[in-house]
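# An overview of the molecular structure
Listed here are the chains, written in short residue letters.
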Number of protein chains: 2
Amino acid sequence: MKNTHLVILAGGAGTRLWPLSSNERPKQFLDVLGCGMTLIQLTAARFKGLVPPENIWVATSAEYRDLVKEQLPDVPEGNILVEPCRRNTAPCICYVSWKIKKRNPRANVVVTPSDHMITDVKAFQSAIKDCMEFAAETDAIVTLGIRPTHPETGYGYIKADLSYSSSRRNNIFRVDAFKEKPQLETAKEYIQQSNYLWNSGIFVWSVSTIVNAFRVYHPEISHLFEDIFSYYDLPQEQDMINQQFPKCESISVDYAIMEKAEEIFVYPADFGWSDLGSWESLRRHSHPDKYGNATVGEQIDLYETRDCIIHTSGLKKVVVQGLDGYVVVEKDNTLLICKLSEEERIRLFH
Amino acid sequence: MKNTHLVILAGGAGTRLWPLSSNERPKQFLDVLGCGMTLIQLTAARFKGLVPPENIWVATSAEYRDLVKEQLPDVPEGNILVEPCRRNTAPCICYVSWKIKKRNPRANVVVTPSDHMITDVKAFQSAIKDCMEFAAETDAIVTLGIRPTHPETGYGYIKADLSYSSSRRNNIFRVDAFKEKPQLETAKEYIQQSNYLWNSGIFVWSVSTIVNAFRVYHPEISHLFEDIFSYYDLPQEQDMINQQFPKCESISVDYAIMEKAEEIFVYPADFGWSDLGSWESLRRHSHPDKYGNATVGEQIDLYETRDCIIHTSGLKKVVVQGLDGYVVVEKDNTLLICKLSEEERIRLFH
C-alpha cells in the first residue's frame, strides 16, 4: 500500500449543472447526490484502505485550493498541486507524475476524475487492485472501461480486443482504439458489440511507465516539468510551475499519450459508473422513484409528475404538479426550470 | 364628503394564491400585483378624494388587526372592527352599520372587499359618486355590477332589468335576481344576454337604509347589534361584541338582505375589475407580455414559455424554459409549480 498513490483531478469548472454548480463551486465540491458528502469526498472515500492519505494528490486551480483543503482535510497541503491556468489533463498529470517520482520512484498510481459517481465501491476496489498489481508487474498503461448500458453520446468509447487478454490477467485486455464521443447511430452500433466500453477517465500505471510515456510521446511537456525537477518540494516550486505551466500545450492525456502508446490495456468494469455530466444522468443515478422522479431537498411533494429531477438547497417546501421530463433546481436564490431534453442550452441561461 | 363612509371588509383568509397568500397573510395584505402596494392599500387609495380617512372603517379578524394598522396608518384605530369569529359578511356589515349610525345617522356608505383589483380608478370613482348620490336621495340598496368579458364560473351574477332604470338615474337599473356561481353552459347563456352582470361585492346605501333592511329582513342579527348600541365607542365594546358575534348566523349579506329586499338596484360598470381569486385571473390582470406571461420578481428570464404566471419574492434570478400554462410561485422559501388548469387543487397542496 505504501507504494500506491492516488491522483484526483479537481480542476474542472463544470457549469452544466447550473445553478447547482457554478464556476465558484463546481460540482466536485457539491453534494449533488444529497448524501451528505461532496463528489470529491466520495471520490477520496472510495479509495479508503487502498491508498494512505499522505499518498493522495489533488490537482486543481488556485481558486479551488481552499475548497480542497476544507473538504479533504486529511490530504497533506503539499500534495495539493495548483495549476496556474487550464491546460487540460496532460500537463497536470505530467507535473504530478514527476512530483510522485521524486517522492517515490517505485510508486504505482491511479488517476481519477473528482466529480464522477460509482455505486458499487466493492467492485470498484477489486478492479483497482487488479489493475494496480498488473501495472506494478508490467509497463502497462491501464484504463478502466465501463460496460455501456445505453447508447450514450456524451462519453468517449474504448474499443477493446477481447481476443487478446494479458497473459497475466484474464480480465485485462489490449486496447484497439479510443473513440471520440459518437453520434447516436454510431453509439447504437457500438453497444451492439460487446467490445466497446465507456472511457471512465480512470487510469492506472506505475510512475516510471507514465513518465517514460511522456518522454516518448510528448517530450515538450515532459521537459517543462523535468527541467524544474530539483525545485519540487522547495519554496520556489509554485513560482517555477507558474512559469512552466502556461508554456504547455493544452491537451488531454488521452490525446497526448493514450492514442499513441502501444502498451495500453483496459479493464472492463461493471461498478455503476456515471460522469454526472448532465441533469438527466444525475436523475437516472439518484434513485428515481417508480415515476422516474429523483429529488434532493427538504420537503418535495409531487403530483402527476414524471421523469423529473428536483434539486433544491434553500427551499423549505416544494410542490410540483403536472411536469414531465423537467429539471427544477434551486441554489442560492436562483431557480431554473428546464426541459431535460433542452438541458444542453442551460449554459446559455446563466 | 363628510357624510360619506367607506367599509373595507378585510377578514378573508384566501388561500387560493398559496404559497403567495396564507392564513398568516391573506392576499389583501400582499403586493400581489408587484406594484409596491398591497391590495388593501390599493382599495383604500382608490377612494382618495371621496372619503376622508376618519370615515374609513375596516372589519377584520383579531389576527389581522396589526396588519391593518400597519398598512392603513391613516385609519383611526377605533375604526378597525375586530370580528371574534368568522360569520360571513352579514353580521359584520350589520355591526359596522350600527357603529356608523351612532357616529352619523345621515351617513352614506360604500362597502367593498379589500382584495379585488380595479384598473380604471377614474371610471370607478365616477360610478361610486353616482351610486352615492342616488343612495342618498332614495332608500335604495345599490350594487355595482361588472359587464362580463367571458363566461366566468367563479363569480355570482346579477340579472338586471334594463327596461327599468331609476327615474333619477338612467344608468342605474332595478335588479331582477341574484344568481349563484353558474356552470359553464349557464355562464355562456348569461353572457350572450346583455343584462347579466358580475356581482362585484361592492354595495352602496345610506346607513338608515341598511339598518332598516337588517331590521326587516334579518331581525335576529339586527337585534344582536342594536342591543349593545349604548356600548359602542366605550371600553366595553369589544367584550360585548365578543359575546354577541358568535351568536350570529353565518350568512352573507347577499343572502340575508339582497335576495329578499325590494329596492335593489345595480350600476353596470366597466372599470376593469377582478376578484383576483385565482392565479389565472392574476395572470390575466398583471399585464402579460405578448406570449401571455405575467411576471413579478427580481430577474425572470423566459424561454419558449407561454401563458404562465411567475411570481417570486425571495429569488434573485429565475430561468424558465418550456412551460405552457403554469403558475410558478415562490414565497418564504416555498415553491409551487402547477398547471393553471389544475389550480383549484392548490389548497390540497399546502
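Residues numbered from 1 in each chain as written. Chains lettered and ligands numbered in written order. Predicted model: local features only at pLDDT ≥ 70, side-chain atom pairs only at ≥ 80, totals over all residues. Heavy atoms only, no water.

A count of helical and extended segments in chain A gives 10 helices and 17 strands. In terms of overall size, chain A behaves like a compact globule, its C-alpha atoms giving a radius of gyration of 21 Å where 350 residues would be expected to give roughly 20 Å. A principal-axis box enclosing the C-alpha atoms of chain A has dimensions of 60 × 50 × 35 Å. Among the 350 residues that make up chain A, the fraction classed as buried is 56%. Considering only contacts in chain A between residues 6 or more positions apart, those separated by 24 or more positions represent 67%. For chain A, the exposed area adds up to about 14,700 Å²; of that, 46% sits on carbon and sulfur atoms. Between the averaged position of the 38 positive side-chain charges in chain A and that of its 46 negative side-chain charges there is a distance of 2 Å. (Helix = DSSP H or I, 4+ residues; strand = E, 2+ residues; numbered from the N terminus. Rg over C-alpha atoms; globule rule 2.2 N^0.38 Å. Buried < 20%, exposed > 50% of the residue type's maximum accessible area, 1.4 Å probe, protein only. Contact = heavy atoms within 4.5 Å. Areas by Shrake-Rupley, 256 points an atom, 1.4 Å probe, with all protein chains shown as cover. Lys, Arg positive; Asp, Glu negative; His and termini not counted. Charge placed at Lys NZ, Arg CZ, Asp CG, Glu CD.)

Bringing the interface of chain A and chain B into the picture now. Counting residues at the interface gives 29 residues for chain A, matched by 29 residues for chain B. Taking both partners together, chain A and chain B bury about 2,400 Å²; carbon and sulfur atoms supply 54% of that area. Of all residues in chain A, A:Q321, A:L335 and A:I337 give up the largest surface area on contact with chain B, accounting jointly for 26% of the area buried on that side. Counting across the chain A and chain B interface gives two salt bridges. For B:E304, the salt bridge is made with A:R345, and the minimal N-O distance between the two is 2.9 Å. Counting across the interface, chain A meets chain B through 22 residue pairs in polar contact (both at pLDDT 80 or more). (Buried area = accessible area lost by both parts, 1.4 Å probe. Salt bridge = Lys/Arg side-chain N within 4 Å of Asp/Glu carboxyl O. Polar contact = N/O pair within 3.5 Å; in protein donor to acceptor, adjacent residues only side chain to side chain.)

This paragraph deals with the sheet that holds strand β15 (residues 317–321) of chain B. The strand order across the open sheet built from six strands is β12(A)-β14(A)-β16(A)-β17(A)-β15(B)-β13(B), with neighbouring strands paired in mixed fashion. Bordering the open sheet on either side are β12 (294–296) of chain A together with β13 (300–303) of chain B, each of which pairs with just one other strand. The mean inter-strand angle of the sheet, taken between neighbouring strand axes irrespective of direction, is 5°. Pairing analysis gives six bridges linking strand β16 (residues 326–331) of chain A to strand β17 (residues 334–339) of chain A, with the strands arranged antiparallel. Looking across to β17(A), one finds that A:V329 is bridged to A:L336. (Pairing = 2+ DSSP bridges. Axes fitted to C-alpha atoms, helices over the stretch in contact; angles between N-to-C directions.)

Aromatic ring pairs are defined here through the distance separating the ring centres and the angle between the ring planes. Tallied over the entire structure, the rule returns 32 aromatic pairs over all chains. Considering the side-chain rings of A:F47 and A:F124, the 5.2 Å spacing of their centres and the 85° angle between planes classify their relative orientation as edge-to-face. Taken together, the residues span a long stretch of sequence, with A:F47 in the loop between α1 (39–45) and β2 (56–61) and A:F124 in helix α4 (residues 121–137) at a distance of 77 residues. Assessed through its relative accessible area of 1%, A:F47 is described here as buried. Where A:F225 meets A:F245, the ring centres are 5.8 Å apart and the plane angle is 70°; that geometry is what we call edge-to-face. On the criterion of sequence distance, the pair formed by A:F225 in helix α7 (residues 219–226) and A:F245 in the loop between α8 (237–244) and α9 (253–258) is long-range, its members being 20 residues apart. The class for A:F225 is buried, based on a relative accessible area of 0%. Every member of this aromatic cluster is reached through a ring pair, and the members are A:Y95, A:W98, A:F225, A:F229, A:Y232 and A:F245. Here the basic side chain of B:K102 rests over the ring of B:F229, its NZ or CZ set 5.3 Å away from the ring centre. (Phe/Tyr/Trp six-rings, centres within 6.5 Å; stacked < 30°, edge-to-face > 60°. Lys NZ or Arg CZ within 6 Å of the ring centre and 35° of its normal.)

Looking now at the relation of the copies chain A and chain B. At an RMSD of 0.1 Å, chain A and chain B line up after a rotation of 179° and a shift of 0.0 Å along the axis. Within this description, the copies of the chain are treated as partners about a two-fold rotation axis. When the interface residues of chain A are mapped onto chain B, 100% of them are again interface residues, pointing to one common binding face. (Least-squares fit on C-alpha atoms with pLDDT ≥ 70 in both.)

Turning to the pairing of strand β6 (residues 141–146) of chain B, a few remarks are in order. Residue and element names in this part refer to chain B. The buried count for β6 comes to six of six residues, which makes it a mostly enclosed element. Here β6 shows a buried face lined by I141, T143 and G145 and a second buried face lined by V142, L144 and I146. The pairing of β6 with strand β10 (residues 264–269) spans six bridges and is classified as parallel. The residue of β10 that forms the bridge with V142 is F265. As paired elements, β6 and strand β9 (residues 196–206) share four bridges and run antiparallel to each other.

So, about the pairing of β16(A). All names here are of chain A. Along β16, six of the six residues are buried, which leaves the element largely enclosed by surrounding structure. Sheet analysis places strand β14 (residues 309–312) next to β16, joined by four bridges and oriented parallel. Note that in β16 the partner of I310 across the bridge is V328. Hairpin connection between β16 and β17: a loop of two residues separates the two successive antiparallel strands, and D332 in this loop has a positive phi of roughly 50°.

Glancing now at the pattern of salt bridges. Residue and element names in this part refer to chain A. Summed over all chains, the structure comprises 40 salt bridges over all chains. Residue R147 pairs with D270 through a salt bridge whose shortest N-O separation is 2.7 Å. Remark: D270 occurs in the loop between β10 (264–269) and β11 (273–274) and R147 occurs in the loop between β6 (141–146) and β7 (157–165); sequence separation between them is 123 residues. Close ionic contact of R283 with D307 constitutes a salt bridge, the shortest N to O distance being 3.8 Å.

Our focus in this paragraph is the confidence of the model for chain A. With 100% of its residues at a pLDDT of 70 or more, chain A has an overall mean of 95. Here the complex is predicted with pTM 0.87, and the ipTM for its interfaces comes to 0.84. (pLDDT = per-residue confidence, 0-100.)

Turning to the sheet that holds strand β14 (residues 309–312) of chain B, a few remarks are in order. Taken together, six strands build an open sheet; the order of strands is β13(A)-β15(A)-β17(B)-β16(B)-β14(B)-β12(B) and the sheet is mixed. Strand pairing shows two members of the sheet lacking a second neighbour, β13 (300–303) of chain A together with β12 (294–296) of chain B, which therefore form its edges. Each strand of the sheet is rotated relative to its neighbour by a mean of 5°, with strand direction disregarded. Across four bridges, the pairing between strand β15 (residues 317–321) of chain A and strand β17 (residues 334–339) of chain B is parallel. The residue bridging A:V319 from the neighbouring strand is B:L336, located in β17(B).

Residues and elements named next belong to chain A. For helix α3 (residues 89–103), built from 15 residues, the straight-helix expectation of 21 Å at 1.5 Å per residue is met to within 8% by its first-to-last C-alpha distance of 21 Å. Most of α3 is tucked away: 11 of the 15 residues are buried. Those residues of α3 lying buried are A90, P91, C92, I93, C94, Y95, V96, S97, W98, K99 and I100. (Expected span 1.5 Å × (residues − 1).)

Residues and elements named next belong to chain B. Residue placement: D115 occurs in the loop between β4 (108–113) and β5 (117–118). D115 sits in the buried class, given a relative accessible area of 17%. In terms of polar contacts, D115 uses its side chain to reach the side chain of K27, at 3.0 Å. Other than its neighbours up to four places away in sequence, D115 contacts K27, Q28, L39, T43, D275 and L276.

For the rest of this paragraph, the subject is the side chain of A:N3. Residues and elements named next belong to chain A. Relative to the elements of secondary structure, N3 occurs in the segment before β1 (4–9). Since its relative accessible area comes to 18%, N3 is described here as buried. At 2.9 Å, the side chain of N3 forms a polar contact with the side chain of N104. Leave out the neighbours within four places in its chain, and N3 touches N104, R106, A107 and N108.

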